[in-house]
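Structure at a glance
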Amino acid sequence: MARRKKIYEGKAKIIYEGPEPGTIVQYFKDDATAFNAEKKDVIEGKGVLNNRLSEFFMMGLNNVGVPTHFLKRLNMREQLCRSCEIIPLEIIVRNYAAGSMSKRLGIEEGTQLPRPIVEYCYKDDKLGDPLVSEEHIAAFGWASQHDMDDIVALALRVNDFMSGIMFGVGIKLIDFKIEIGRVYDGDFQRLVVADEISPDSCRLWDIETGEKLDKDVFRRDLGNLADAYTEVARRLGVMPKQAPQPTKPTLIN
Ligand code: UDP
């Protein structure tokens, strides 16, 4: 069998050509990186968990009418997606201050923001993904004003969906990052949520205890990352069934 073609290898995923034109396969690795890949490790099982969790969020979004690139999960580590042209921006939505925003503005982590705030970073590892404004985006032609209106609307819909899902399982969605892709249907282009949505790209805090259940566990050496992601998957009911199935009760008559 011919080996499929690798299109791109990133820090946490490998992208392969898909089986049909216009499709790609995303392979989720166990690699974890932080601080622009200065800190690295392999966390056994992370790829499997993120594949499942991203499937769960993307399918949920598709089901409520928020378009995504996700088509179907293929196996433990791979999913089939529509190929799209990624807009070179990280779209960050924040509900509570944390991470770089807390540092930049001197706001204590966990402070609720007056309303969700959308930020943009230019995707460039060499530059450390710098924060940019809509002015930069328009002037350098990364996205049009019309695209930006659609991007903000998509980002806020993802925020409402994700916040609600998480609240339902006792988790506060502090912030998250998404990427947006362009899909071409004939002469028309539309924007879809692309890449992944997982605890690698969100900040998730337990509502009761404030315990962190996201990549900060790895960034800040707070414990076992796979355990934190497993807890998120367990609460959402998306854990692959590992426990042995109970045997049928014996009927006594
Ligand atoms: N984020 C991400 N990839 C990045 C940068 C940020 O997924 O390259 C996510 C991060 O996990 C958090 C949110 O975006 O949920 C905001 O991150 P922040 O700007 O606070 O950056 P950090 O403090 O992680 O450097």
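Further up the page is the structure itself.
Everything in this summary refers to the structure shown in the same document. (Residues numbered from 1 in each chain as written. Predicted model: local features only at pLDDT ≥ 70, side-chain atom pairs only at ≥ 80, totals over all residues. Heavy atoms only, no water.)

1. Points about the overall build of the protein chain
Regarding its fold elements, the protein chain presents 6 helices and 14 strands. Compactness check: the protein chain gives a C-alpha radius of gyration of 19 Å against a globular reference of 18 Å for 253 residues, within 12% of the reference. Each principal axis of the C-alpha atoms in the protein chain carries an extent, and together these give about 80 × 50 × 35 Å. The buried share of the protein chain, taken over its 253 residues, is 47%. (Helix = DSSP H or I, 4+ residues; strand = E, 2+ residues; numbered from the N terminus. Rg over C-alpha atoms; globule rule 2.2 N^0.38 Å. Buried < 20%, exposed > 50% of the residue type's maximum accessible area, 1.4 Å probe, protein only.)

2. Describing the nonpolar core
Counting residues in hydrophobic clusters, the biggest one holds 50 residues, and the most contacted among them are Val-158, Met-162, Ile-178, Ile-180 and Ile-197. The residues contacting Met-162, other than those within four sequence positions of it, are Phe-57, Leu-173, Ile-197 and Cys-202. (Core = buried A, V, L, I, M, F, W, Y, C linked by side-chain atoms within 4.5 Å. Contact = heavy atoms within 4.5 Å.)

3. What about the environment of Asn-63?
By the element assignment, Asn-63 lies in helix α1 (residues 46-63). Through-space distance from the C-alpha of Asn-63 to that of Met-239 is 20 Å; in sequence the pair is 176 residues apart.

4. Considering the site of the ligand
In the vicinity of the ligand lie 15 residues, with Arg-94, Ser-100, Asp-175, Arg-203 and Arg-219 positioned nearest. For the ligand, an oxygen atom lies 3.2 Å from a polar atom in the side chain of Glu-90. (Near = heavy atom within 4 Å. Polar contact = N/O pair within 3.5 Å; in protein donor to acceptor, adjacent residues only side chain to side chain.)

5. Some points on a negative patch on the surface
Where like charges cluster on the molecular surface, the negative patch consists of Glu-134, Glu-135, Asp-149 and Asp-150. Those elements giving two or more residues to the negative patch turn out to be α3 (134-139) and α4 (145-168). Examined against the element boundaries, Glu-134 turns out to sit in helix α3. (Patch = residues over 30% accessible without salt bridge, like charges linked within 9 Å, V, L, I, M, F, W, Y side chains within 5 Å. Areas by Shrake-Rupley, 256 points an atom, 1.4 Å probe, with all protein chains shown as cover. Salt bridge = Lys/Arg side-chain N within 4 Å of Asp/Glu carboxyl O. Lys, Arg positive; Asp, Glu negative; His and termini not counted. Charge placed at Lys NZ, Arg CZ, Asp CG, Glu CD.)

6. A short note on the packing of α1 against α4
In the contact formed by α1 and α4, the axes pass within 11 Å of each other and the chain directions differ by 120°. Here α1 lies oblique to α4, going by the angle between them. Between α1 and α4 lies a crossing whose hand is right-handed. Residues Phe-56, Phe-57, Gly-60 and Leu-61 of α1 touch α4, and the partners they reach there are Val-158, Phe-161, Met-162, Ile-165 and Met-166. The class makeup of the residues in the contact of α1 with α4 is 8 nonpolar, 1 polar and no charged. (Axes fitted to C-alpha atoms, helices over the stretch in contact; angles between N-to-C directions. Parallel < 35°, antiparallel > 145°, perpendicular 65-115°, else oblique. Left-handed = near helix turned anticlockwise from the far one by under 90°. Nonpolar A, V, L, I, M, F, W, Y, C, P; charged D, E, K, R; others polar.)

7. Re the packing of aromatic side chains
As enumerated under the stated definition, the model contains 3 aromatic pairs in all. When the ring of Phe-56 is compared with that of Phe-57, the centres are 5.6 Å apart and the planes differ by 70°; the resulting orientation is edge-to-face. Classification of Phe-56 by relative accessible area gives partly exposed; the value is 27%. With a relative accessible area of 1%, Phe-57 lands in the buried category. Where Phe-140 meets Trp-142, the ring centres are 5.3 Å apart and the plane angle is 40°; that geometry is what we call tilted. Taken together, the ring pairs in this structure connect Tyr-122, Phe-140 and Trp-142 into an aromatic cluster. The positively charged end of Arg-4 is found above the aromatic ring belonging to Tyr-16, 4.1 Å away from the centroid. (Phe/Tyr/Trp six-rings, centres within 6.5 Å; stacked < 30°, edge-to-face > 60°. Lys NZ or Arg CZ within 6 Å of the ring centre and 35° of its normal.)

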